[in-house]
Amino acid sequence: KTYKTLIKPYLTEQQINLLSQIYKLWHLAYDDVRVNMLGQVFPMKPTSLSMMANDVCNSRCQMCSIWQQKKDQEITVENLSKVLSDPFFSEIRHVGITGGEPTLRPDLPELYQAVCTSLPKIDAASIITNAILEDVVKERVLASAAVCKQHNINFGVMVSLDGVGEVHDEVRGRKGNFDSAIHTINYFRQQNIPTSFGCTITRSNALYVDELLDYAISEGLYGRFRIAEFIDRLYNSTQTEFIRNFDEKTAYHLGLFFFRAEHDFETHSAHQKTYRSIRA
C-alpha cells in the first residue's frame, strides 16, 4: 500500500496495475528459485506450521476417518513449548492449529499461549473448526484469540463449509451442522475476528459448489476450495466412493468452477495459482 501511495501521483492506474502484476510474477519466480533450487543447497527453515492439536473428531466426514479413531496421546502444553523452542522453528511466522477437531481440547487457549511465547518471530496464528459444538467452539476460540491479542499476534478462524444447507450436513455427516457453522462464522465476524470458510469437494457436493460460491458472495464471505485427497493422517484410504470419484461431466463442471473461483472470487495470486493447478 505504501508503494502504491508513493507512485500514484506519477503513474496512471493502468500503469500501477501493470507494475503490481510484474511484481507478483517476480515474487513467484523468486520463491521458486529460492525454494526449489537454492533451497536444495542452502536449506531453509520453515516459516509456517500446521499442527494437529488432537486425533479425534465429532464430525463424520465422507473424506476423513479420524472420527473412527480412539483417542490418541496428545502433546501437552509443556512439551509443545519445549518442541517449539528448538532453533529449527526460529523462523516460524504463522501457526495453524487443526485436528481432528481442535476445539475438543479444553486447554486450547494454553496451546496458543505456548505458540505465542515460544516462537520469536511469530506474527500470525489461526484455527480451523467444524463448529459442531457451537457454544464450546465460540468460548474456546474466543479465549484463544484473546491470548494472541495479548501478544500482538494476528489471529484468524476458518470454519468448514462444504455446501449450503443439507449439502454441507451430508458431507459432514451431522444434521444441523450448516446452521451451527453459519452462526459461528457470523459470531466471529461480529467479534471482529478475521473469519473465512474452507470447502472440501467430494463426489457428494461437487455439483453444488457454485451454489456455495453464490451464497458466499451474497453474504460477503471469503473462503477457499479444495478437492478431497487421500491423506494418511486422515485415515481415508478406503473412502474411494467419495474422494476423486468424478465422472467426466462432473470433472468438467469442476474445471469451470475453479476457473470462475480464480477469476471472479479469489484475489490472492498464490491461491489463484493453486486453482489453476487443480483445474489442470
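Note: the structure precedes this text.
Everything numeric here is computed off the predicted structure, so don't read it as measured data. (Residues numbered from 1 in each chain as written. Predicted model: local features only at pLDDT ≥ 70, side-chain atom pairs only at ≥ 80, totals over all residues. Heavy atoms only, no water.)

### Brief notes about the state of the cysteines
In this structure the tally under the stated criterion is zero disulfides. Lacking any disulfide linkage, C57 is separated from the closest cysteine sulfur, that of C61, by 5.8 Å. (Disulfide = S-S within 2.5 Å.)

### Considerations on the side chain of S204
Tracing the backbone shows S204 in the loop between β5 (195-201) and α8 (209-219). At a separation of 2.9 Å, a polar atom in the side chain of S204 contacts the side chain of Q62. (Helix = DSSP H or I, 4+ residues; strand = E, 2+ residues; numbered from the N terminus. Polar contact = N/O pair within 3.5 Å; in protein donor to acceptor, adjacent residues only side chain to side chain.)

### A closer look at the pairing of strand β2 (residues 94-98)
Most of β2 is tucked away: four of the five residues are buried. One ladder, built from five bridges, connects strand β1 (residues 48-52) with β2; its direction is parallel. By the bridge assignment for β2, S50 is matched with G96. Taken together, β1, helix α3 (residues 77-84) and β2 form a β-α-β motif whose crossover is right-handed. Bridging between β2 and strand β3 (residues 124-129) involves four bridges; their strand directions are parallel. The residue of β3 that forms the bridge with V95 is A125. Crossover β2 to β3 through helix α4 (residues 108-118) is right-handed. (Buried < 20%, exposed > 50% of the residue type's maximum accessible area, 1.4 Å probe, protein only. Pairing = 2+ DSSP bridges. Right-handed = clockwise from strand over helix to strand, strands pointing away.)

### Considering helix α9 (residues 248-264)
For α9, spanning 17 residues, the distance from its first C-alpha to its last is 24 Å, which sits close to the expected 24 Å at 1.5 Å a residue. Buried residues in α9 make contact with β5, α8, β6 (223-227) and α10 (269-279). (Expected span 1.5 Å × (residues − 1). Contact = heavy atoms within 4.5 Å.)

### Describing α4
With eight of eleven residues buried, α4 is to be regarded as a mostly interior element. All of the buried residues along α4 are L108, P109, L111, Y112, A114, V115, C116 and S118. Where the residues of α4 are buried, they touch α3, β2, β3, α5 (134-150) and β4 (154-160).

### Focus: the packing of aromatic side chains
If you walk through the whole model with that rule in mind, you get twelve aromatic pairs. Three or more aromatic residues joined by ring pairs make a cluster, and in this case those are F197, Y222, F225, F257, F258, F265 and Y275. We note K138 situated over the ring of Y187; from NZ or CZ to the ring centre the distance is 4.8 Å. (Phe/Tyr/Trp six-rings, centres within 6.5 Å; stacked < 30°, edge-to-face > 60°. Lys NZ or Arg CZ within 6 Å of the ring centre and 35° of its normal.)

### A few points about the sheet that holds β3
Spatially, the six strands line up as an open sheet ordered β1-β2-β3-β4-β5-β6, and their pairing is parallel. Each edge of the open sheet carries a strand with a single partner, namely β1 and β6. Strand-to-strand twist of the sheet, defined as the mean angle between neighbouring strand axes without regard to direction, takes the value 20°. Where β4 lies against β5, four bridges are found, and the strand directions are parallel. Paired with S160 across the two strands is G198, which belongs to β5. Contacts from α8 reach β5 and β6, with the element oriented near 175° to β5. (Axes fitted to C-alpha atoms, helices over the stretch in contact; angles between N-to-C directions.)

So, to be careful, I would describe these as geometric facts and stop short of saying anything about function.
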